[in-house]
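Each chain, letter by letter, is given below.
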Amino acid sequence: MKGMAEWDLGLKGKVAAISGSSHGIGNAIANSLADEGCNVVISGRDDDRLSLAEKDLTTKGVQALAVNCDLSTDSGCKKLIDQTIEKLGGLDILVNNAGIAPHKTIEDTSVEEWDQIQDVNAKGVFLGTKYSIPEMRKAGGGSIINISSIAGLVGRPGGLCLLYTSPSPRDAPLSRM
């Protein structure tokens, strides 16, 4: 039986776009893909974090591109996908990772904050997927990976998890398409 270090995951030369990947889990995903030889596009809204993350990824011998975009908007999601295709020549993998989590109870959350959570955590997944599918179809296939939280299955007093994870159960059917 082969050890993990000996497995070839077939990712060398593939192109992956990872939303919300200038730090945290998204950045760890980008680094893992780069370690497998995958060219990566990272995204976020903090230029300093993006620049550092992009620089780190290029040391792995792959192409890396940082895209500053707001994934709560149609134009931001389209920018991520369009720049991936334009600058790296295609799109094989999309990782919908971006998400925001306020540390508030439901009663302390404004409607505007709720809308922002839904725009990033739910609409961002929809739009990233929508704009990726045509390129993946043209290429004969691809993979879309939706990251969600176990917190979507577990409640907490005050609805703290509900605010963050309310899109997660809705992502599940989209992930099975």
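Throughout, a residue's number is its position along its own chain's written sequence, starting from 1. It should be noted that, the model being predicted, local features are given only for residues of pLDDT at least 70 and side-chain atom pairs only at 80 or more, the latter also being counted only at that level, while totals for whole chains, interfaces and linings use all residues. With hydrogens and water stripped out, all remaining heavy atoms of the structure feed into the side-chain values.

Caption draft 1: Up close: the side chain of Ser21. Only runs of H or I of at least four residues qualify as helices and only runs of E of at least two qualify as strands under DSSP, and these elements are numbered from the N terminus. In this structure, Ser21 sits in the loop between β1 (15-18) and α1 (24-35). Here Ile18 takes part through its backbone oxygen, which lies 2.6 Å from a polar atom of the side chain of Ser21. By definition in these notes, contact holds between two residues if any of their heavy atoms fall within 4.5 Å. Leaving out residues up to four positions away in the same chain, Ser21 has contacts with Gly26, Asn27, Val41, Ile42 and Ser43. Counted as a polar contact is a pair of N or O atoms within 3.5 Å, where, for protein atoms, one must be capable of donating a hydrogen and the other of accepting one, and residues adjacent in sequence contribute only when both atoms are in side chains.

Caption draft 2: How the structure looks around a nonpolar patch on the surface. Excluding any residue in a salt bridge, patches collect residues exceeding 30% relative accessible area, merging like charges within 9 Å and nonpolar Val, Leu, Ile, Met, Phe, Trp and Tyr side chains within 5 Å. Computed by Shrake-Rupley with a 1.4 Å probe, the accessible areas treat only the displayed protein chains as cover when residues are assessed. What counts as a salt bridge is simple: a side-chain nitrogen of Lys or Arg found within 4 Å of a carboxyl oxygen of Asp or Glu. On the surface, a nonpolar cluster with roughly 250 Å² of combined accessible area is contributed by Ile25, Ile145 and Ile147. With respect to the helices, strands and loops of the structure, Ile147 is situated in the loop between β5 (143-146) and α5 (160-165). Each residue is assigned to one of three classes by its accessible area relative to the maximum for its type, calculated with a 1.4 Å probe on protein chains only: buried under 20%, partly exposed between the two thresholds, exposed over 50%. Given the relative accessible area of 31%, Ile147 is considered partly exposed.

Caption draft 3: The pattern of salt bridges, seen in detail. Going through the model one piece at a time under the given rule, you end up with 6 salt bridges. Note that Asp70 is salt-bridged to Arg45, the shortest N-O span being 3.8 Å. Taken as a pair, Asp70 in the loop between β3 (64-68) and α3 (74-88) and Arg45 in the loop between β2 (39-44) and α2 (47-58) lie far apart in primary sequence, 25 residues in all. Among the residues examined, Asp70 registers a relative accessible area of 26% and is labelled partly exposed. With a shortest N-O distance of 3.3 Å, Glu135 and Lys138 are connected by a salt bridge. Here Lys138 and Glu135 lie together in helix α4 (residues 111-139), a separation of 3 residues that amounts to about one turn. You can call Lys138 exposed: its relative accessible area is 66%.

Caption draft 4: Geometry of the pairing of strand β4 (residues 93-96). Side-chain alternation along β4 places Ile93 and Val95 on one buried face and Leu94 and Asn96 on a second face that is also buried. In terms of strand pairing, β1 meets β4 through 3 bridges, oriented parallel. When the sheet's bridge partners are listed, Ile18 is paired in β4 with Val95. A pair of strands is considered paired only if DSSP assigns at least 2 bridges between the two. Sheet analysis places β4 next to β5, joined by 4 bridges and oriented parallel. Its bridge partner lying in β5, Val95 is registered against Ile145. Traced from β4 through α4 to β5, the parallel crossover comes out right-handed. By convention a crossover is right-handed if, when the strands point away from the viewer, the path from the first strand over the helix to the second runs clockwise.

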